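# Observations on the model geometry
Each chain, written out:
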Amino acid sequence: NTVELALPLAGTKARIEEQGWPLSRFLTHGEAGMAAETEEQRRMERPKPFPHIVVMVGGANFPDNLDQAIARQLASDLNTYATQRNGTLHFVTSPRTSRQVTDALLENVPSPHHVHAYGGTADSLDRSIVTSADEIILTSDSVSMVADALAMGKPVYVYPLPRSRRLIHVVS
């Protein structure tokens, strides 16, 4: 089984700023301002297989679909990818990630990989996880997540979510 990640992207902070794109949510590597160390952060820093692969999970956003079955497939596909790369996955959910999708990830992501559920950790922890990434994979539902990830200056890949085949056009 080969996992193919669509749209390999690369960018640097300077390139993002040059284009006038917002750096909004995530700190760039080396910036100060990390919150006090927590048990979760200490666990993140323990030696694990490299590379550290951060997976930023959005939510269902027409036409992209993301439900429990797709979350299970995402976990399986990326577990295969991480095994091939001898890496560790860190799934980070967002405010748009449904509880059902988060639960499916929690049930299907094996150790040594982790799921960092939105609301369970501070925003600064999410930043520290993303900052420590060797590469970043995002679900295809959010262009703004892609822009934020590109600001990190690390390899960025987009995991294509299945798309709805039904488009309804209203003609007035």
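Here's a quick rundown of the structure.

The rules behind the values
Residues numbered from 1 in each chain as written. Predicted model: local features only at pLDDT ≥ 70, side-chain atom pairs only at ≥ 80, totals over all residues. Heavy atoms only, no water. Helix = DSSP H or I, 4+ residues; strand = E, 2+ residues; numbered from the N terminus. Contact = heavy atoms within 4.5 Å. Areas by Shrake-Rupley, 256 points an atom, 1.4 Å probe, with all protein chains shown as cover. Buried < 20%, exposed > 50% of the residue type's maximum accessible area, 1.4 Å probe, protein only. Arc of directions from axis to C-beta. Axes fitted to C-alpha atoms, helices over the stretch in contact; angles between N-to-C directions. Left-handed = near helix turned anticlockwise from the far one by under 90°. Nonpolar A, V, L, I, M, F, W, Y, C, P; charged D, E, K, R; others polar. Core = buried A, V, L, I, M, F, W, Y, C linked by side-chain atoms within 4.5 Å. Salt bridge = Lys/Arg side-chain N within 4 Å of Asp/Glu carboxyl O. Pairing = 2+ DSSP bridges. Right-handed = clockwise from strand over helix to strand, strands pointing away.

On a plain count of helices and strands, the protein chain comes out with six helices and six strands. N-terminal to C-terminal, the α/β element order of the protein chain is β-α-α-β-α-β-α-β-α-β-α-β. Put simply, 74% of the contacts in the protein chain that link residues at least 6 apart link residues at least 24 apart. Carbon and sulfur atoms form 52% of the exposed surface of the protein chain, whose accessible area is close to 9400 Å².

Val 101, Thr 102, Ala 104 and Leu 105 are the residues of helix 4 (residues 99–108) that are buried. Projected down its long axis, helix 4 carries its buried residues within an arc of 160 degrees, all on one side. Tucked into the core, helix 4 has its buried residues touching strand 2 (52–57), helix 3 (68–85), strand 3 (88–93) and strand 4 (114–116).

Moving on, we come to the packing of helix 3 against helix 4. Where helix 3 meets helix 4, the axes come as close as 8 Å, and the angle between the chain directions of the two elements is 35 degrees. As helix 3 runs across helix 4, the sense of the crossing is right-handed. Each of Gln 68, Ala 71, Arg 72, Leu 74 and Ala 75 in helix 3 lies in contact with helix 4, whose residues at this interface are Gln 100, Val 101, Ala 104, Leu 105 and Asn 108. Its residues assigned to classes, the contact of helix 3 with helix 4 comprises six nonpolar, three polar and one charged.

Turning our eyes to something else, we now look at the nonpolar core. One finds Val 57, Leu 78, Phe 91 and Leu 105 to be the most contacted residues of the largest nonpolar core, which totals 21 residues. Mapped by element, the contributors of at least two residues to this core are strand 2, helix 3, strand 3 and helix 4. If you tally residues by element for this core, the top one is helix 3, at seven residues. Aside from chain neighbours lying at most four places away, what touches Val 57 is Leu 66, Leu 74, Phe 91, Val 92, Thr 93, Ser 94, Thr 97, Val 101, Leu 105, Thr 139 and Met 145.

So, on to unusual backbone geometry. For the bond running from Phe 62 to Pro 63, omega is 10 degrees, close enough to zero to count as cis. Counting through the fold element by element, Pro 63 comes out in the loop between strand 2 and helix 3. Of note, the bond from Ser 111 into Pro 112 is cis; its omega dihedral lies within 30 degrees of zero at 15 degrees. For Pro 112, the position within the fold is in the loop between helix 4 and strand 4. Positive phi, close to 55 degrees, is recorded for Asn 86, a residue that is not glycine. Among the secondary structure elements, Asn 86 is positioned in the loop between helix 3 and strand 3.

Pairing between side chains becomes possible if they bear opposite charge and their charged atoms approach one another. Counted according to the given criterion, the structure contains four salt bridges. For Asp 64, the salt bridge goes to Arg 163, with nearest N and O atoms at 3.1 Å. Separated by 99 residues along the polypeptide, Asp 64 in the loop between strand 2 and helix 3 and Arg 163 in the segment after strand 6 (156–159) bring together distant segments of the chain. Taking the relative accessible area as the measure of exposure, Asp 64 reaches 4% and is therefore buried. The salt bridge partner of Glu 135 is Arg 85, with a shortest N-O separation of 2.4 Å.

What follows is about the pairing of strand 6. The pairing of strand 5 (residues 135–139) with strand 6 spans four bridges and is classified as parallel. Bridge assignment links Leu 138 to a residue of strand 6, and that residue is Val 158. Following the backbone out of strand 5, through helix 6 (residues 143–150) and into the adjacent parallel strand 6, one traces a crossover that is right-handed.

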